[in-house]
Amino acid sequence: MGLDKSNAVKVTNGDFNTISNLLNEGKTVLAALELGPKVQESLKKGKMSDDFALIELKEKKEHAGTCACGKDANVLVYLWR
Ligand SMILES: [Zn+2]
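Residues numbered from 1 in each chain as written. Predicted model: local features only at pLDDT ≥ 70, side-chain atom pairs only at ≥ 80, totals over all residues.

To continue, consider the environment of Thr 28. Following the sequence through the fold, Thr 28 ends up in the loop between helix H1 (16–24) and strand S2 (29–33). Once the C-alpha coordinates of Thr 28 and Gln 40 are considered, the two residues, 12 residues apart in sequence, prove to be 20 Å apart. In this structure, Thr 28 is in contact with Leu 3, Asp 4, Lys 5, Asn 7, Ala 8, Tyr 78 and Trp 80, ignoring residues within four places of it in sequence. (Helix = DSSP H or I, 4+ residues; strand = E, 2+ residues; numbered from the N terminus. Contact = placed C-beta atoms within 7 Å.)

Soluble globular proteins tend to pack their nonpolar side chains together in the buried interior. Grouped together as the largest cluster of nonpolar side chains are 15 residues, with contacts concentrated most on Ala 31, Ala 32, Leu 33, Ala 73, Val 77 and Leu 79. Beyond its immediate stretch of four places on either side in the chain, Ala 73 contacts Thr 12, Ala 32, Leu 33, Glu 34, Ala 64, Gly 65, Thr 66 and Cys 67. (Core = buried A, V, L, I, M, F, W, Y, C linked by C-beta atoms within 7 Å. Buried ≥ 20, exposed ≤ 12 C-beta atoms within 10 Å, placed from the backbone.)

Relative to strand S4 (residues 72–80), S2 is paired through five bridges, and the arrangement is antiparallel. Residue pairing in the sheet places Leu 33 in a bridge with Val 75 of S4. Sheet topology note: the strand S3 (residues 54–66)/S4 ladder contains eight bridges and is antiparallel. Counterpart to Glu 59 in the pairing with S4 is Leu 76. The antiparallel hairpin formed by S3 and S4 contains five residues in its connecting segment, where Gly 70 sits at a positive phi of about 95°. (Pairing = 2+ DSSP bridges.)

Quick look at unusual backbone geometry now. Look at Asp 51: it is not a glycine, yet its phi comes out positive at around 55°. Position of Asp 51 among the secondary structure elements: in the loop between helix H2 (37–45) and S3. Overall, the presence of 8 C-beta atoms within 10 Å leaves Asp 51 in the exposed class. Residues other than glycine seldom take positive phi values, yet His 63 does so here, at roughly 55°. We classify His 63 as exposed; it has 10 C-beta atoms within 10 Å.

Moving on, we get to the pairing of S2. Residues in a regular strand point their side chains to alternate faces of the sheet. By the criterion of burial, S2 is predominantly enclosed, with four of the five residues buried. Since strand S1 (residues 9–11) and S2 lie parallel, the crossover through H1 that links them has a hand, and here it is right-handed. (Right-handed = clockwise from strand over helix to strand, strands pointing away.)

The following block contains the structure:
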């Protein structure tokens, strides 16, 4: 179904079960993450590790939400499958 920025569903609480379900439904998710080495690597490749989803940076934004690891999120990214 691909990247659909205009209909992206925003999930900023780090709930990757919800995110995964939305991705399975073919939705694009706008997710909040903390920009650590792993996320930087994913953004460089355009793909998350273990093929969870494709990824593209929307913007850097302080206090964008909570990352899956519980840290304060500082980027918003598009995720899709
Ligand atoms: Zn994290």
